[in-house]
Amino acid sequence: MNRTEYLSELATVLGRYTETAAQRISEILDACPTEATALWFDVFPDQDGEGTFDVWARFDGPDAFVLNRPIDDHRHLFGVVHTEDGLDPDVPLWPTRNTPFCIQDTVVDAAATWLTTLWSRVGEGRSRVPWHIEGDDGYGTITPLLFTPPTG
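Quick notes on the rules
Residues numbered from 1 in each chain as written. Predicted model: local features only at pLDDT ≥ 70, side-chain atom pairs only at ≥ 80, totals over all residues. Heavy atoms only, no water. Helix = DSSP H or I, 4+ residues; strand = E, 2+ residues; numbered from the N terminus. Rg over C-alpha atoms; globule rule 2.2 N^0.38 Å. Buried < 20%, exposed > 50% of the residue type's maximum accessible area, 1.4 Å probe, protein only. Contact = heavy atoms within 4.5 Å. Areas by Shrake-Rupley, 256 points an atom, 1.4 Å probe, with all protein chains shown as cover. Lys, Arg positive; Asp, Glu negative; His and termini not counted. Charge placed at Lys NZ, Arg CZ, Asp CG, Glu CD. Phe/Tyr/Trp six-rings, centres within 6.5 Å; stacked < 30°, edge-to-face > 60°.

(A) Structural view of the overall build of the chain. Looking only at helices and strands, the chain has four helices and seven strands in total. Along the chain direction, N to C, the helices and strands of the chain fall in the order α-α-β-β-α-β-β-β-α-β-β. In terms of overall size, the chain behaves like a compact globule, its C-alpha atoms giving a radius of gyration of 16 Å where 152 residues would be expected to give roughly 15 Å. For the C-alpha atoms alone, the extent of the chain along its principal axes is close to 50 × 30 × 25 Å. Relative to its full complement of 152 residues, the chain shows a buried share of 43%. For the chain, long-range pairs separated by at least 24 residues make up 66% of all intrachain contacts whose partners lie at least 6 apart in sequence. By element, 48% of the accessible surface of the chain is carried by carbon and sulfur atoms, the whole surface being about 8,200 Å². Charge separation in the chain, taken as the distance between the mean sites of 10 positive and 25 negative side-chain charges, equals 5 Å.

(B) Just the packing of aromatic side chains, in detail. Scanning all chains against the criterion turns up eight aromatic pairs. Relative to W119, the ring of F41 has its centre 6.1 Å away and its plane inclined at 70°; by these criteria the two rings are edge-to-face. Of this pair, F41 sits in strand β1 (residues 38-45) while W119 sits in helix α4 (residues 103-122), and the two are 78 residues apart along the sequence. By relative accessible area, F41 is classed as buried at 1%.

Scope: geometric values only; no functional claims are made or implied.
Okay, here's the thing in structure tokens:
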């Protein structure tokens, strides 16, 4: 499998979680505190490069713990877990050696593309704060991304 095929498979898996994630982002935006200075979407690829990852949202601003408490139930937008039956959801798993491309970069890129689409669906015009997408440890070839709300 090449990088393009892998991105396509990840997009298919992420697409199955679009409705749930869109609802969570909407609830996060509804709960945006006035003290928030930004909304971050963080993508955490696994350190081993197998292909598992998580996507979390968080507010930035003074006392981030307090800012994020009201959205604790909505912050986790996507995650892959190891179960006794395999991965849930079933993302393509890679061996940790001899991969033809950086799996962590590719996972972050797929998630960033998905988040951008989600934002255009439920966030566009609703947020008064800038929003960012970032891959943990600098992973991703299209991140970090920064979007600022229109002024006026």
